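The lines below spell out each chain.
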Amino acid sequence: MTQRVALVTGAMGGIGTAVCQELAKAGHKVVAAYHPQFDNKDEWLKEQQAAGFKDFVCVAGDVSDLASCQAMVAEAEAKAGPVDILVNNAGITRDRMFAKMEKDQWDAVINTNLSSLFNMTKQVSAKMAERGWGRIINISSVNGVKGQAGQANYSAAKAGVIGFTKALAQELAAKGVTVNAIAPGYIATKMVMAIKPEVLEGIVNSVPMKRLGKPEEMGAACVYIASENAGFMTGATLNINGGLYYQ
Ligand code: CAA
Ligand code: NAP
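Residues numbered from 1 in each chain as written. Chains lettered and ligands numbered in written order. Predicted model: local features only at pLDDT ≥ 70, side-chain atom pairs only at ≥ 80, totals over all residues. Heavy atoms only, no water.

## Looking at the pattern of salt bridges
And then number 1: Considering all chains together, one arrives at 8 salt bridges under this definition.
And then number 2: Here glutamate 22 makes a salt bridge to lysine 25, at a shortest N to O gap of 3.0 Å. Pair noted here: glutamate 22 and lysine 25 are both in helix α1 (residues 14-25), with a separation of 3 residues, about one helical turn.
And then number 3: Of the charged contacts in the structure, one is a salt bridge between glutamate 217 and arginine 211, with a shortest N-O distance of 2.9 Å. (Salt bridge = Lys/Arg side-chain N within 4 Å of Asp/Glu carboxyl O. Helix = DSSP H or I, 4+ residues; strand = E, 2+ residues; numbered from the N terminus.)

## Observations concerning the site of ligand 1
And then number 1: Taken together, 18 residues surround ligand 1, and among them Asp95, Ser141, Tyr154, Tyr186 and Lys196 come closest.
And then number 2: Glutamine 151 places a polar side-chain atom, nitrogen or oxygen, 2.8 Å from an oxygen atom of ligand 1.
And then number 3: Here an oxygen atom of ligand 1 and a side-chain polar atom of lysine 196 are 2.5 Å apart.
And then number 4: Considering ligand 1 on its own, with 1100 Å² of exposed area, one finds that the protein chains cover 54% of that surface.
And then number 5: Where the shell around ligand 1 is concerned, the elements lending two or more residues are α7 (190-193) and α8 (197-206).
And then number 6: The class makeup of the residues in the shell around ligand 1 is 9 nonpolar, 7 polar and 2 charged. (Near = heavy atom within 4 Å. Polar contact = N/O pair within 3.5 Å; in protein donor to acceptor, adjacent residues only side chain to side chain. Areas by Shrake-Rupley, 256 points an atom, 1.4 Å probe, with all protein chains shown as cover. Nonpolar A, V, L, I, M, F, W, Y, C, P; charged D, E, K, R; others polar.)

## As for the side chain of serine 116
And then number 1: On the secondary structure map, serine 116 appears in helix α4 (residues 103-131).
And then number 2: The residues touching serine 116, leaving out its near neighbours within four places in the chain, are Val63, Asn88, Asn111 and Thr121. (Contact = heavy atoms within 4.5 Å.)

## Re a nonpolar patch on the surface
And then number 1: Taken together, the side chains of Val145, Tyr245 and Tyr246 present a nonpolar region at the surface, about 330 Å² in accessible area.
And then number 2: The topology assignment puts valine 145 in helix α5 (residues 142-146). (Patch = residues over 30% accessible without salt bridge, like charges linked within 9 Å, V, L, I, M, F, W, Y side chains within 5 Å.)

## With respect to the site of ligand 2
And then number 1: Close to ligand 2 lie 28 residues, the nearest being Asp62, Asn89, Tyr154, Ile187 and Thr189.
And then number 2: Between ligand 2 and lysine 190 there is a distance of 3.0 Å, counted from an oxygen atom to a side-chain nitrogen or oxygen.
And then number 3: When residues of the shell around ligand 2 are traced back to their parent elements, those giving at least two are α1, α6 (152-172) and α7.
And then number 4: For the shell around ligand 2, the residue count by class is 13 nonpolar, 12 polar and 3 charged.

## Observations regarding helix α3 (residues 66-80)
And then number 1: Counted at 1.5 Å a residue, the expected span for α3 with its 15 residues is 21 Å, and the 21 Å between its end C-alpha atoms agrees.
And then number 2: Burial in α3 covers these residues: Ser68, Cys69, Met72, Val73, Ala76 and Ala80. For α3, the angular spread of the buried residues around the axis is 125°, confining them to a single face.
And then number 3: Those residues of α3 hidden inside the fold are in contact with β1 (5-9), β2 (29-34), β3 (57-60) and α4. (Expected span 1.5 Å × (residues − 1). Buried < 20%, exposed > 50% of the residue type's maximum accessible area, 1.4 Å probe, protein only. Arc of directions from axis to C-beta.)

## Quick notes on the packing of aromatic side chains
Any pair of aromatic rings gets described here by the distance separating the centres and the angle formed by the planes.
And then number 1: Following the criterion strictly, the structure yields 2 aromatic pairs and no others.
And then number 2: Each ring, one from tryptophan 44 and one from phenylalanine 56, has its centre 5.7 Å from the other, and the planes form 20°; the classification is stacked. Of this pair, tryptophan 44 sits in helix α2 (residues 41-50) while phenylalanine 56 sits in the loop between α2 and β3; the two residues are 12 residues apart in sequence, bridging distant segments of the chain.
And then number 3: Since its relative accessible area comes to 5%, tryptophan 44 is described here as buried.
And then number 4: Taking the centre distance of 5.7 Å and the plane angle of 10° together, the rings of phenylalanine 53 and phenylalanine 56 count as stacked. Taken individually, phenylalanine 53 and phenylalanine 56 each receive the classification buried, so the pair is uniform in this respect.
And then number 5: Ring pairs connect the aromatic residues Trp44, Phe53 and Phe56, which therefore count as one cluster. (Phe/Tyr/Trp six-rings, centres within 6.5 Å; stacked < 30°, edge-to-face > 60°.)

## Thoughts on the sheet that holds strand β6 (residues 177-184)
And then number 1: Taken in spatial order, the 7 strands of this open sheet run β3-β2-β1-β4-β5-β6-β7, and their pairing is parallel. Each having just a single partner strand, β3 and β7 (237-240) make up the two edges of the open sheet. Put simply, the sheet's adjacent strands are angled 20° from each other on average, direction ignored.
And then number 2: Of the strand pairs in this sheet, β1 and β2 are connected by 5 bridges, and their pairing is parallel. Along β2, the bridge assignment pairs valine 5 with lysine 29.
And then number 3: In this fold α3 packs onto β1, β2 and β3, with an angle of close to 160° to the strand it touches most, β3. (Pairing = 2+ DSSP bridges. Axes fitted to C-alpha atoms, helices over the stretch in contact; angles between N-to-C directions.)

Shown next as structure tokens:
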């Protein structure tokens with residue numbers, strides 16, 4: 001198979017780590033993009049090396065900042081070569097009922113979870129089109145599909161991710177570049193573990209499979225979308241949520 005260069009944002013988080021690992025297992029060269037303020041990068045890299053992932057390239061950048069993304073992708077290209085696969089995975093929550101939500105909580109979530117797609121995809125999409133091959137994978141959420149009380153900011157951003165995916169897919173369809181989204185349900189990462197235990201218990205009970213998803217289940221979906229055989233799929237959203245749609 002052709003080895004591709006895959007850049008994953010939010011690479012050192014729960015889902016990001018699994019996406020990096022699964023893409024590496026599938027033979028891709030992985031660039032792990034992390035937040036400049038993340039303190040445990042060296043520890044993370046050591047853990048990955050101990051687990052057999054010895055070739056991760058690391059680059060730092062703030063996905064909510066256009067200039068930072070420009071510099072980060074330039075560094076990634078210098079270290080690993082042109083980016084063939086972009087996984088827009090970095091994200092945050094600032095959950096609050098809308099009546100109490102502050103403007104900075106709205107802005108932080110929209111900038112990090114939605115404007116980041118502009119900031120990152122701008123750096124790679126035209127070059128992918130010129131080379132005639134590319135995969136852009138955007139991590140949305142079940143809560144962007146169904147809406148979630150306490151997450152007007154996050155649901156808006158994640159629904160926006162799906163709209164962006166469908167529009168860009170049409171623009172790039174004839175250029176060999178696919179653009180798809182994954183809408184995970186509740187996955188066992190620190191983002192979900194931050195939910196109050198009593199609230200989380202109710203959420204898990206509402207999932208038909210009665211469990212949280214595993215990060216590697218999202219990584220496997222990225223491997224599929226990045227594969228040659230997924231070349232006819234674009235503008236799609238893969239709902240991977242244990243059966244949770246409208247509860
Ligand atoms: N629908 C409608 N109203 C609701 C509600 C719901 N689902 N849940 C709570 N409310 C109401 C309550 O009844 C209460 O009403 P009153 O003031 O009239 O009594 C009011 O909203 C406040 O509720 P809380 O006591 O829960 O308020 P809080 O300030 O303690 O907590 C919250 C608010 C932080 C948003 C909390 O409800 C919460 O964590 N909810 C879960 C949100 C969620 O699912 N987040 C997912 C995070 S993980 C993620 O985002 C990953 C992903 O993509 C899946
Ligand atoms: P996570 O463990 O908290 O990982 C999120 C990662 O994004 C962290 O590494 C974080 O870095 C990084 N990040 C945040 N802001 C950033 C910024 N401005 N610039 C660069 N990196 C930034 O959460 P996760 O569960 O793996 O979430 C990954 C993605 O999946 C998110 O988009 C999330 O919305 C989505 N998602 C998650 C679930 C779920 O149930 N877990 C469900 C649906 C969708 P720092 O920690 O250093 O800030």
